[in-house]
There are 2 protein chains.
Amino acid sequence: MKASVRKARKSDFDDVFKLIVELARFEKLKPPSKSAKKRLFNDSFGRKRKNNILVSTFDEYIIGYAFYFFTYSSFLAKKTLYLEDIFISKKLRSKGAGRLIFKELVKIAKKEKCGRVEWCVLDWNKNAIKFYDKLGAKPMNDWIYFRLTL
Amino acid sequence: MKASVRKARKSDFDDVFKLIVELARFEKLKPPSKSAKKRLFNDSFGRKRKNNILVSTFDEYIIGYAFYFFTYSSFLAKKTLYLEDIFISKKLRSKGAGRLIFKELVKIAKKEKCGRVEWCVLDWNKNAIKFYDKLGAKPMNDWIYFRLTL
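The structure contained in this document is the topic of the report that follows. The structure presented is a predicted model; accordingly, all values stated were derived computationally and were not measured.

### Side note on the overall build of chain A
Secondary structure assignment for chain A yields 4 helices and 7 strands. Mapped from its N terminus to its C terminus, chain A presents α and β elements in the order β-α-α-β-β-β-α-β-α-β-β. Computed over its C-alpha atoms, the radius of gyration of chain A comes to 15 Å, within 12% of the 15 Å expected for a compact globule of 150 residues. Relative to its full complement of 150 residues, chain A shows a buried share of 31%.

Next up, the structure:
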């Protein structure tokens, strides 16, 4: 009985989607709508894939997931693995699943010749920040993230 | 005599690269190395394109550029146009070139059915922040950007 990580299969999607809703609640953000759920499935498993999913399992149950894709650093001229979401269900934390899924992401990033792994975290999510600190990641405190909603 | 915007051609690359170096100096960051320059050319104009370039011109001279690519929002389940760099040469600011290139990026984002345009800005770059404010963009002040360097 231990945590492990693998690529998500189509049949995992309903379990993953429950975790997305759990993450959205935790982050006090709006979870994806019904039509967004459909698009997310197609964009993750369809022909023109825009998103990659890893799942974290414990005794065959899906207890966490990571969404990632590749961005690009112009100054480094290398790909970046961008981590859009990483989440382990609240009931199953502190069993090493988060660390395991992160290690797998770093492995993928190195295989893809990325120069960096990057992601965003909510400033009140102190447990996550402590976790990222321990992994050797650095907060880019002098950068402000901007968004224009279309 | 006025500013305009178009897709970059291979023959523009040396001019664009001079502007990248100017931007790196302005941002007090390390400009791309010689090998990074080569990779950047291939990643922008080669078969497996990872980066898109727009150039801003004034009287046929290249006075600015934007690098962009597409990321993905899992909660929206829509693409995002991510603006990696936007820069107008210092000597040629306040002629509307920045606004023009930004408008073109929004047009591309809408055509590609993106839900958002996103980018990062250095917190001391007050002129840029004023410019983004005027465009209706919002700073995501409760998010911290994290980086793991590989």
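What follows continues from the structure just given.
### Here's the deal with the environment of K138 of chain A
With respect to the element layout, K138 of chain A can be found in strand β6 (residues 138–139). The spatial distance from the C-alpha of K138 of chain A to the C-alpha of E118 of chain A is 9.6 Å, given a sequence separation of 20 residues. Ignoring any residue separated from it by four or fewer positions in sequence, one finds K138 of chain A in contact with F146 and R147 of chain B.

### A look at the environment of D123 of chain A
As for its position among the elements, D123 of chain A is in the loop between β5 (116–122) and α4 (126–134). For D123 of chain A, a count of 12 C-beta atoms within 10 Å translates into the label exposed. Spatially, the C-alpha atoms of D123 of chain A and K28 of chain A are 13 Å apart, while their sequence positions differ by 95 residues. Residues in contact with D123 of chain A, not counting those within four places in the same chain, are D142, W143 and I144 of chain B.

### Considerations on the relation of the copies chain B and chain A
With an axial shift of 0.0 Å and an RMSD of 0.0 Å, the rotation relating chain B to chain A amounts to 180°. Overall, the copies show the geometry of a two-fold rotation axis. Looking at the rotation axis and the C-alpha trace of chain B, the residue lying nearest is T71 of chain B, at 3.4 Å.

### Considering the sheet that holds strand β1 (residues 3–7) of chain B
Taking strand neighbours across the sheet as the criterion, the 7 strands line up as β1(B)-β2(B)-β3(B)-β4(B)-β5(B)-β7(A)-β6(B) in an open arrangement whose pairing is mixed. Strands at the two margins of the open sheet, each flanked by one partner only, are β1 and β6 (138–139) of chain B. Of the strand pairs in this sheet, β1 of chain B and strand β2 (residues 52–58) of chain B are connected by 5 bridges, and their pairing is antiparallel. When the bridges of β2 of chain B are listed, K7 of chain B appears paired with L54 of chain B. In this fold helix α3 (residues 97–111) of chain B packs onto β1, β2, β3 (61–73), β4 (78–88) and β5 (116–122) of chain B, with an angle of close to 165° to the strand it touches most, β4 of chain B.

### Some remarks on the environment of P31 of chain B
Considering the arrangement of structural elements, one finds P31 of chain B in the loop between α1 (13–26) and α2 (34–45). The exposure class assigned to P31 of chain B is partly exposed, which follows from the 15 C-beta atoms found within 10 Å. In the structure, P31 of chain B is positioned 114 residues away from Y145 of chain B in sequence and 21 Å away in space, judged by C-alpha atoms. Ignoring sequence-local partners within four residues, the contact set of P31 of chain B consists of F75 of chain A together with I20, V21 and A24 of chain B.

Basis of the calculations
Residues numbered from 1 in each chain as written. Chains lettered and ligands numbered in written order. Predicted model: local features only at pLDDT ≥ 70, side-chain atom pairs only at ≥ 80, totals over all residues. Helix = DSSP H or I, 4+ residues; strand = E, 2+ residues; numbered from the N terminus. Rg over C-alpha atoms; globule rule 2.2 N^0.38 Å. Buried ≥ 20, exposed ≤ 12 C-beta atoms within 10 Å, placed from the backbone. Contact = placed C-beta atoms within 7 Å. Least-squares fit on C-alpha atoms with pLDDT ≥ 70 in both. Pairing = 2+ DSSP bridges. Axes fitted to C-alpha atoms, helices over the stretch in contact; angles between N-to-C directions.

The values are spatial; any link to function lies outside them.
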